[in-house]
Amino acid sequence: MPTFASFDGLRLNYTVWEGAAAHRPVLLQHGFAADTNANWISTGVVAALREAGLTVISLDARGHGRSEKPHDESRYTGDSMARDVSALLDELGLDEVSLVGYSMGAIIALAATAADKRIRCLATGGVGSGIVDFGGVDLRVVKPAEIASALLAEDPSTVPPSGVPFRLLADAVGGDRRALAAVALASQEGSLNLSAIGVPTLVLAGDQDLLAAEPERLAAAIAGARMVRIPGDHMTAVMSPAFSEALVAFLTAPHPR
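In this text the structure is predicted, and so the values were computed from the model without any measurement.

The subject of this paragraph is the side chain of S129. Tracing the sequence through the fold places S129 in helix α5 (residues 129–134). Among the residues examined, S129 registers a relative accessible area of 0% and is labelled buried. Side chain to side chain, S129 and E214 meet in a polar contact 3.0 Å long. Ignoring sequence-local partners within four residues, the contact set of S129 consists of D138, R140, A213, E214 and R217.

Spelled out as structure tokens, the structure:
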């Protein structure tokens, strides 16, 4: 698996599946506590994109997967993960990509698209009005401190209910819980400059996903964006064939270059 040094020297892992040259490459950014396998391979998303002939690239975010996992909260602050996306484009010498992000990856993708003109097409999943109201994770559903507490708890039975899914996922993928807690604590309430996004955008949201409530509000905040509801909750919507089908249709449609 190839790695590269990001803007601050942290080594990040990525994977490339070569496809036909007819469409621009698609870069995937996974969600919190997940990795390339959990978010994109095991759910069938990579297979669907490859079947459509697309070149697919997946980045393991800092603190996740096979990328380096510092325990220092300062390594995850600000726009560091969005800058990692741009650093990977530099590494691969790409002048245009479509970007797909899920959950935390969607927050990263929105920030990266607002800042990097090489991203010509954007699809988000697992987020909704929390982006508009809080600039990130929906704090009405779960707070970063609750996620960190769940990850750092010595006794899993003491984990707060809102943090249980994150603890279970971290343990299922063998994640570094101290690094993931640092990621969670570094994600503070802020804002995203959605008005800076002027590329074709698709908002995908599970119809039972509490973390993607009111996705129509997110779509309305991005010029020209459209929204598609998918069956499932935060953990299962990305597994639905409807998710991959909507994604493939959007990414292979003719969009302005």
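Back to the text.
Below, the discussion takes up the packing of aromatic side chains. Under the criterion given, the structure shown has 3 aromatic pairs. When the ring of F32 is compared with that of F166, the centres are 6.0 Å apart and the planes differ by 65°; the resulting orientation is edge-to-face. In this pair, F32 sits in the loop between β3 (26–29) and α1 (36–41) while F166 sits in helix α7 (residues 164–172), placing the two residues 134 residues apart along the sequence. Comparing F32 with F166, the two get one shared label, buried. Centre to centre, the rings of Y102 and F243 are 5.9 Å apart; their planes meet at 70°, and the pair counts as edge-to-face. One end of the pair, Y102, is in strand β5 (residues 97–102); the other, F243, is in helix α10 (residues 241–252), and 141 residues separate them in sequence.

What follows deals with the layout of surface pockets. Of the volumes computed, that of the largest pocket is approximately 770 Å³. Taken together, 38 residues line the largest pocket, and the ones lying closest to its centre are M104, I107, G136, V137 and S187. Mapped onto the lining of the largest pocket, the elements with two or more residues apiece are α3 (80–92), α4 (104–115), α5, α6 (144–152) and α8 (177–186). The dominant element in the lining of the largest pocket, judged by the number of residues it contributes, is α4, at 4 residues.

To continue, consider the packing of α6 against α7. Two quantities define a packed helix pair, namely the angle between the axes and the distance from one axis to the other. Interaxial distance between α6 and α7 falls to 8 Å at its minimum, and their mutual angle equals 45°. Between α6 and α7, the angle is such that the two are oblique. In the packing of α6 onto α7, the handedness of the crossing is right-handed. Residues I147, A150 and L151 of α6 lie in contact with α7, whose contacting residues are F166, R167 and A170.

Despite not being glycine, A33 shows a phi value in the positive range, around 70°. Residue position: A33 is located in the loop between β3 and α1.

This part covers the sheet that holds strand β2 (residues 11–17). Across a sheet, strands are paired by hydrogen bonds formed along the backbone, either parallel or antiparallel in direction. The 8 strands are arranged β1-β2-β4-β3-β5-β6-β7-β8 in an open sheet whose pairing can be described as mixed. Two strands bound the open sheet, and with one partner strand each, they are β1 (3–5) and β8 (226–230). In this sheet, adjacent strand axes meet at a mean angle of 25° when their direction is disregarded. Alignment of strand β6 (residues 119–125) against strand β7 (residues 201–206), held across 4 bridges, turns out to be parallel. Across the sheet, residue L122 finds its bridge partner in β7, namely T201. Sheet contacts for α3: β1, β2, β3, β4 (56–59), β5 and β6; angle to β4, the most-contacted strand, approximately 135°.

Calculation criteria
Residues numbered from 1 in each chain as written. Predicted model: local features only at pLDDT ≥ 70, side-chain atom pairs only at ≥ 80, totals over all residues. Heavy atoms only, no water. Helix = DSSP H or I, 4+ residues; strand = E, 2+ residues; numbered from the N terminus. Buried < 20%, exposed > 50% of the residue type's maximum accessible area, 1.4 Å probe, protein only. Polar contact = N/O pair within 3.5 Å; in protein donor to acceptor, adjacent residues only side chain to side chain. Contact = heavy atoms within 4.5 Å. Phe/Tyr/Trp six-rings, centres within 6.5 Å; stacked < 30°, edge-to-face > 60°. 1 Å grid on protein atoms, 1.4 Å probe; cavity = no way out; pocket = protein on both sides within 12 Å on 5 of 7 lines; lining within 4 Å. Points joined across faces, edges and corners; volume = space filled by probe spheres on them. Axes fitted to C-alpha atoms, helices over the stretch in contact; angles between N-to-C directions. Parallel < 35°, antiparallel > 145°, perpendicular 65-115°, else oblique. Left-handed = near helix turned anticlockwise from the far one by under 90°. Pairing = 2+ DSSP bridges.

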